[in-house]
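A look at the structure
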Amino acid sequence: MSQPPASPAISPRHTQGRVYLVGAGPGDPDLLTVRAAKLLALADAVVYDHLVSTEILALIKADAELIYVGKQESRHSLPQDGINALLVRLAKQGKNVVRLKGGDPFIFGRGGEEAEVLATAQVRFEVVPGITSASGASAYAGIPLTHRDYAQSCIITTGHLKDGSLNLAWDALVQPRQTVVIYMGLGALPEISRQLIAHGKTPVMPVAVIENGTTQRQRVITGNLSDIAAKVKAEGFLSPCLIIIGEVVSLREKLQWFIPAEPAPGGIENAIENPIEKALDKPAKNTATFAYA
Ligand SMILES: C[S@@+](CC[C@H](N)C(=O)[O-])C[C@H]1O[C@@H](n2cnc3c(N)ncnc32)[C@H](O)[C@@H]1O
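Residues numbered from 1 in each chain as written. Predicted model: local features only at pLDDT ≥ 70, side-chain atom pairs only at ≥ 80, totals over all residues. Heavy atoms only, no water.

Before going further, it helps to examine the pattern of salt bridges. Per the counting criterion, the structure on display carries ten salt bridges. For arginine 110, the salt bridge is made with glutamate 113, and the minimal N-O distance between the two is 2.9 Å. Among the residues examined, arginine 110 registers a relative accessible area of 39% and is labelled partly exposed. Across the pair glutamate 191 and arginine 194 runs a salt bridge, and its minimum N-O distance is 2.8 Å. (Salt bridge = Lys/Arg side-chain N within 4 Å of Asp/Glu carboxyl O. Buried < 20%, exposed > 50% of the residue type's maximum accessible area, 1.4 Å probe, protein only.)

This is the structure we're talking about:
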């Protein structure tokens, strides 16, 4: 007789608990890893931020302590020091804690800082990788980040403004046959475009901006370095947005496959019914609006 699948080893209650730094993926709940889902069903406490969907939160054990720590400008959120202290405190109370983050915890997720604090406090921890938005949003937008004909390397960076200015390694970002992926760059997009052109990129270099990638609210705008900022502003794109710059963006025209529940006017139609898709597509998925917690 076959054995049931092993559950993640959760440390016993009588000892100090353990903290699991878990990536929730970019938005589509089906992109959660199996290990993350198992841990959510077992954890005593879940500490989560705003890029985690309600569908994923629904997988949490009913009596688990659920703690929202935000990290969204418009909502109350706990400062990073407070989050670090909270994780240590919960683990020292003997609780097994899932620290749930959008995407991957080690890619612009401050998972490294939290792991450092846990290590210093001698709290046991594990890291459960998630699909980062560069992978998820690019795949759902039909934009391969590398391609033998267009890009042999891919660089990811943040466009987050510090004190209103942007200090990126522009010379590294303008290398040929390279895709540049920018997280948190929506507000700085006009400056990013300006600087890339000033450092030698052609103004007609293709650019895509993906809002709410992988979710039923995904929107994608394509353009080039000289017009993308105006296009994004005209369409009123809001965070979370991922920016992809490079020749690979031109492949989207041929490779786009994902149709959100409310496709943009003129979007491609899903004419063929596929039994696998039908089985995967739980009824709620096409009717409910995806919402961030
Ligand atoms: C604080 S970073 C977190 C990144 C996350 N750890 C990851 O691996 O994707 C937040 C940024 O990630 C990007 N992002 C996260 N989810 C996204 C999504 N569903 N669509 C587009 N961009 C997303 C945006 O650039 C957003 O501003």
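Back to the text.
This structure, assessed with the given rule, holds five aromatic pairs. Residues tryptophan 257 and phenylalanine 258 carry aromatic rings whose centres are separated by 5.7 Å and whose planes lie at 65° to one another, so their mutual orientation is edge-to-face. Tryptophan 257 sits in the partly exposed class, given a relative accessible area of 47%. Here a set of aromatic residues connected by ring pairs shows up, and it is made of Tyr140, Trp257 and Phe258. (Phe/Tyr/Trp six-rings, centres within 6.5 Å; stacked < 30°, edge-to-face > 60°.)

The buried fraction of strand β7 (residues 178-183) amounts to six of the six residues, a majority that puts the element mostly inside the structure. Judged by which residues are buried, β7 turns out to be covered on both faces: Gln178, Val180 and Ile182 on one side and Thr179, Val181 and Tyr183 on the other are all buried. Bridging between β7 and strand β10 (residues 241-245) involves four bridges; their strand directions are antiparallel. Residue pairing across strands places valine 180 opposite isoleucine 245, the latter belonging to β10. (Helix = DSSP H or I, 4+ residues; strand = E, 2+ residues; numbered from the N terminus. Pairing = 2+ DSSP bridges.)

Time to look at the sheet that holds β10. Here we have five strands laid out as an open sheet, ordered β6-β7-β10-β8-β9, and mixed in their pairing. What marks the edges here is a single partner per strand, and that holds for β6 (153-158) and β9 (219-224). Sheet twist, expressed as the average angle between the axes of neighbouring strands with direction ignored, equals 20°. Pairing of strand β8 (residues 206-211) with β10, which is carried by five bridges, proceeds in the antiparallel orientation. In the strand pairing of β10, alanine 208 is matched with isoleucine 244. Across the sheet, helix α8 (residues 228-235) is in contact with β8 and β9; its angle to β9 comes to roughly 150°. (Axes fitted to C-alpha atoms, helices over the stretch in contact; angles between N-to-C directions. Contact = heavy atoms within 4.5 Å.)

Take the environment of glycine 109 next. You can see glycine 109 is positioned in the loop between β4 (97-101) and α4 (111-120). Overall, the relative accessible area of 13% leaves glycine 109 in the buried class. Taking C-alpha positions, glycine 109 is 9.6 Å from threonine 132, a pair spaced 23 residues apart along the chain. Ignoring anything within four residues of it in the chain, the contact list for glycine 109 reads Lys101 and Asp104.

Turning our eyes to something else, we now look at the confidence of the model for the protein. Model confidence for the protein is summarised by a mean pLDDT of 88, while 85% of its residues fall at 70 or above. A low-confidence stretch, residues 283-293 (pLDDT under 50), is modelled with 32 contacts involving residues beyond four sequence positions or located in other chains. (pLDDT = per-residue confidence, 0-100.)

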